[in-house]
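Each chain, letter by letter, is given below.
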Amino acid sequence: MKYTIDKNGYYGKFGGAFIPEMLHPNVEELRLNYLSIIESAEFKKEFDQLLKNYVGRPTPLFLAERLSEKYQAKIYLKREDLCHTGAHKINNTIGQILLAKRLGKQKIIAETGAGQHGVATATVCALMGMECIVYMGQLDMERQRPNVERMRILGTKVVAATSGNMTLKDATNEAMRHWINHPTDTHYIIGSVVGPHPYPDMVAHFQSVISEEIKNQLTEAIGNPYPDYVVACVGGGSNAAGAFYYFIEHEHVNLVGVEAAGKGIGTSESAATTALGRIGILHGSKSLLMQTDDGQVIEPYSISAGLDYPGIGPMHAHLFDTQRAQFLNATDDEAMNAGIELSRTEGIIPAIESAHAMAVLPKLDLNTDDVVVVNLSGRGDKDLETYIKWGRY
Ligand SMILES: *Cc1c(COP(=O)(O)O)cnc(C)c1O
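Caption draft 1: Quick look at the layout of surface pockets. Roughly 380 Å³ of volume is contained in the second largest pocket. Along the wall of the second largest pocket there are 17 residues; nearest its centre are Phe47, Asp48, Leu51, Val209 and Glu212. Elements with a contribution of two residues or more to the lining of the second largest pocket: α2 (41-55), α9 (199-207) and α10 (209-222). Among the elements that take part in the lining of the second largest pocket, α2 stands out by supplying six residues, more than any other. Partitioning the lining of the second largest pocket into residue classes produces eight nonpolar, three polar and six charged. No fewer than three residues from each of domain 1 (12-50 + 89-203) and domain 2 (57-87 + 208-390) sit in the lining of the second largest pocket.

Dropping the structure here:
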C-alpha cells in the first residue's frame, strides 16, 4: 500500500498535524476515534441510507456518446452534479456530521470560500437539527451573496472574517480560533482532503463512494471495473481523491488531476499548485503550496471559486511526487470553452470547476478503445453569472 496514509498520518513526506498546542485535544479526539466509528456497521448503515435516500446515490455513470465520437475514445461522465445541493461536497458533510453526533458534539463550525462547502454543511446541520456557524471572509461574502443567503435560509449563522485579505485563509483562522475556545461541544467540518491528520484520510474515505460506484457501474457496462483513465479537477482535492480512491493501487489505471491555471501558469494569476508550488505547511499539514521565497502564502486566482486554493491535499502532493498521478492544468478560457462544449454536445451545463477536468480531454493521448471516466464534480447552476459575464457562447 504505497499510496495510503501511514500510522503517523503521512502520505510519503506529506501530511501530519501541524497545529497550535491548544488544538491538540480536539484533533487527538478525532484521530483516536474516527476509524473505529466510520468503520462500524451501524455507522455505515446510516451513512449509506442517507447517501441513497437524501443525496440520491448512486449517481449515474453516463456514456457521453457525442463526446466519445469527438475524442475517439469511450468517455464516461460520473454525475456528481446530480447530488443533492449540486456537487460531491455533501458526501463528506453527511459523513462528518454523523461522526460528530457519535462523538457527542452538539454544534458544528465550518469555513467556506466560495460558499459551496458552507451550503453543504448548513444543509446537513438543518437535516440533523444541529446549530451551525460558518466563517466566511467578508470579501467572499460580498462576491458570493446567493450562497450566503442559502446558508441563512437553512438556519446557519454566517460570520464575516474581517482580518487579512478577508478571504478563505482568514475564515479558516477564525474557525480554528472558535474551535480552540469550544473544544468539547463543537466539531469542525473541513470541506476537502486538507487540514491536519486525520482530516485528509477521513474526507477521502467519505468521498471514496465515488470510485466504489464507478467500479460497480463499469463492471456492469463493460465487464471490467478498471478504466484506462480517471480525470478529476483538483482544488483541495476531495472529488479527485474520491474518484481515484479504489484505483490508486491499480497502476494500470491512469490518474489525471486537473488544476486551475487561471490566466496561465506564467502569469501571477493562477492556482496551479503542482506547477508553481513548493513544500510547506498550510492549514495544518505539510504539502505543496504556492508561496513567496520567504514562505508567505500567495493569493491564488481562478475563474472558478472552488479551485481558487493555494495548496493541494497531502495525498495529491504524494501522488504527484511519486508520479502515480499526472497533474495537468487548464486556463480560465480552456475551462469555459470546455463547459460550453459539454453543454452543446451532451446537454449538461457543468460547474466551472468540473469544466476544468473536461478541458484536458484534447491533451490526453487517447486510443479509440480507451475507457475514460471524467468526474463531473458539480452542476453549473451556481455559475450562471460567470458564464454570462464570459459571454462567448
Ligand atoms: C468545491 C468544489 C470543487 C473543488 O474541491 P475539491 O475538494 O478539490 O473537490 C470542485 N468542484 C466543485 C463543483 C466544487 O464545488
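Back to the text.
Caption draft 2: Structural detail: the packing of aromatic side chains. In total, this model carries nine aromatic pairs according to the counting rule given. Measuring from centroid to centroid gives 5.4 Å for phenylalanine 47 and phenylalanine 206, while their planes differ by 55°, and the two rings are tilted. On the criterion of sequence distance, the pair formed by phenylalanine 47 in helix α2 and phenylalanine 206 in helix α9 is long-range, its members being 159 residues apart. Judged by centre distance (6.2 Å) and plane angle (80°), the rings of tyrosine 226 and phenylalanine 247 are edge-to-face. Taken together, the residues tyrosine 226 in the loop between α10 and β9 (229-233) and phenylalanine 247 in the loop between α11 (238-244) and β10 (254-262) connect sequence positions 21 residues apart. Per residue, the accessibility class of tyrosine 226 equals that of phenylalanine 247, and both read buried. Above the ring of tyrosine 301, the side-chain terminus of lysine 263 is found at 5.1 Å from the ring centroid.

Caption draft 3: Just the site of the ligand, in detail. With respect to spatial proximity, 17 residues lie near the ligand, and among them Lys89, Ser192, Gly237, Ser238 and Ser377 are the closest. Interatomic distance of 2.9 Å between a side-chain N/O atom of histidine 88 and an oxygen atom of the ligand. Within the contact set of the ligand, an oxygen atom lies 2.7 Å away from a side-chain nitrogen or oxygen of serine 238. Taken by itself the ligand offers 390 Å² of open surface, and the protein chains cover 97% of this. For the shell around the ligand, the residue count by class is four nonpolar, eleven polar and two charged. In this structure, the shell around the ligand is formed jointly by two domains, domain 1 (12-50 + 89-203) and domain 2 (57-87 + 208-390), each of which donates at least three residues.

Caption draft 4: Quick peek at the sheet that holds strand β3 (residues 61-63). The strand order across the open sheet built from six strands is β3-β4-β14-β9-β10-β13, with neighbouring strands paired in mixed fashion. The open sheet has two edge strands, β3 and β13 (325-331), and neither has a second partner. Here the strands of the sheet are splayed against their neighbours by 25° on average, with no regard to which way each runs. Summarising the sheet, β9 and strand β14 (residues 371-376) pair through three bridges and their orientation is parallel. Pairing of valine 230 across the sheet is with valine 373, part of β14.

Caption draft 5: Highlighting the pairing of strand β4 (residues 74-79). Here β4 lies mainly inside the structure; five of its six residues are buried. With three bridges joining them, β3 and β4 adopt antiparallel strand pairing. Residue pairing across strands places phenylalanine 62 opposite leucine 77, the latter belonging to β4. As paired strands, β4 and β14 are joined by six bridges and run parallel to one another. Its bridge partner being in β14, arginine 79 is matched across the sheet by leucine 376.

Caption draft 6: Representation of the state of the cysteines within the structure. Under the defined criterion, the tally for this structure stands at zero disulfides. No disulfide involves cysteine 83; its nearest neighbouring cysteine sulfur is the one of cysteine 233, lying 13 Å away. Not engaged in a disulfide, the cysteine cysteine 132 finds its nearest cysteine sulfur in cysteine 125; these two sulfurs lie 3.7 Å apart.

What counts, and where the lines are drawn
Residues numbered from 1 in each chain as written. Predicted model: local features only at pLDDT ≥ 70, side-chain atom pairs only at ≥ 80, totals over all residues. Heavy atoms only, no water. 1 Å grid on protein atoms, 1.4 Å probe; cavity = no way out; pocket = protein on both sides within 12 Å on 5 of 7 lines; lining within 4 Å. Points joined across faces, edges and corners; volume = space filled by probe spheres on them. Helix = DSSP H or I, 4+ residues; strand = E, 2+ residues; numbered from the N terminus. Nonpolar A, V, L, I, M, F, W, Y, C, P; charged D, E, K, R; others polar. Domains from an automatic or database assignment. Phe/Tyr/Trp six-rings, centres within 6.5 Å; stacked < 30°, edge-to-face > 60°. Buried < 20%, exposed > 50% of the residue type's maximum accessible area, 1.4 Å probe, protein only. Lys NZ or Arg CZ within 6 Å of the ring centre and 35° of its normal. Near = heavy atom within 4 Å. Polar contact = N/O pair within 3.5 Å; in protein donor to acceptor, adjacent residues only side chain to side chain. Areas by Shrake-Rupley, 256 points an atom, 1.4 Å probe, with all protein chains shown as cover. Pairing = 2+ DSSP bridges. Axes fitted to C-alpha atoms, helices over the stretch in contact; angles between N-to-C directions. Disulfide = S-S within 2.5 Å.

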